[in-house]
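What follows is the residue order along each chain.
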Amino acid sequence: MTTKPLVAILTGAGVSTDSGIPDYRGPNGLWRRDPEAEKLVTYEYYMGDPEIRRRSWQMRRANRTLHAEPNAAHLAVAGLERSGVPVRVITQNVDGLHQAAGLSARKVLELHGSARSVVCTGCGARTPMADALARVEAGEDDPPCLECGGILKSATVLFGERLDPAVLGDALAIAKACSVFLAVGSSLQVQPAAGLVGVAADHGARLVVVNAEPTPYDDRADEVVREPIGTALPRLLAELGG
């Protein structure tokens, strides 16, 4: 029996825009439209300024991430796994939509954490984001940890925080081991996530970049695709699963 080659897929914000979640660094991205919003997800500002935290909780209330549904791209990735192709997703997204689409959670590495949970910066207790938002709805503008009274934050990696070294180590191992590496919907400007593309190419993987805008790694790619992700990714993955 022939072992199918491992397919690694790095996904960025562009994969989730069809689900109604805005990107951050694209031409119409959040940081370009409202640079001040970046302070709301910067660790130093968040921990040091109660007003920033209050604004952050209101931003989370308005955020559509928890209500978003998987789109054609997420469903195509889950379909590739069901077809029997070994697949691992390394995602820069925090929306949990790969898992919601049916991809096995153990096959998803969330480089930047998850917006579906909150974590206490004091004791490390982790609880559902929905529970914290319910407290905000009930009138707590900066809800403290119920275990120790510490500051709660989204279980995402804020600007100024390090990525989880264990998750990053697993991502590097996948980049080195895969036969095909697709970078989809990412500007490939944020390290160390973007560097995984070069690692995969250096270890002989076929590299495919799917993104509307040029990326720093286009010249290393075997194929660069500019068409919309919702049509391009299902087509590419159908070919791999064929």
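Here we summarise the structure given alongside this text. (Residues numbered from 1 in each chain as written. Predicted model: local features only at pLDDT ≥ 70, side-chain atom pairs only at ≥ 80, totals over all residues. Heavy atoms only, no water.)

## As for the environment of E137
Step number 1: Locating E137 in the fold gives a position in helix α6 (residues 129–137).
Step number 2: Taking relative accessible area as the criterion, E137 reaches 51% and is therefore assigned exposed.
Step number 3: Along the backbone, E137 and Q58 are 79 residues apart, and their C-alpha atoms lie at a distance of 9.4 Å. (Helix = DSSP H or I, 4+ residues; strand = E, 2+ residues; numbered from the N terminus. Buried < 20%, exposed > 50% of the residue type's maximum accessible area, 1.4 Å probe, protein only.)

## Describing the nonpolar core
Step number 1: Judged by nonpolar contacts, the single largest core of 27 residues is most densely connected at I90, L111, F181 and V197.
Step number 2: Counting residues per element, the ones that place at least two in this core are β1 (7–11), α7 (165–177), β7 (180–184), α8 (195–202) and β8 (206–210).
Step number 3: Of all the elements, α8 adds the most residues to this core, at five residues.
Step number 4: Not counting the four nearest positions on each side in its chain, V197 is found in contact with L10, F181, A183, L188, L207 and Y217.
Step number 5: Listed in part, the 25 residues of the second largest apolar core include I9, V77, L80 and V225. (Core = buried A, V, L, I, M, F, W, Y, C linked by side-chain atoms within 4.5 Å. Contact = heavy atoms within 4.5 Å.)

## Quick look at helix α4 (residues 72–82)
Step number 1: Residues A73, H74, A76, V77, A78, L80 and E81 constitute the buried set of α4.
Step number 2: Taken together, the buried residues of α4 touch β1, β2 (87–91), α5 (97–100) and α9 (229–241).
Step number 3: Two or three places before A73, at the start of α4, stands the capping residue N71, its side-chain oxygen 2.8 Å from that residue's backbone nitrogen.
Step number 4: After α4 finishes, the residue G84 shows a positive phi value of roughly 100°. (Polar contact = N/O pair within 3.5 Å; in protein donor to acceptor, adjacent residues only side chain to side chain.)

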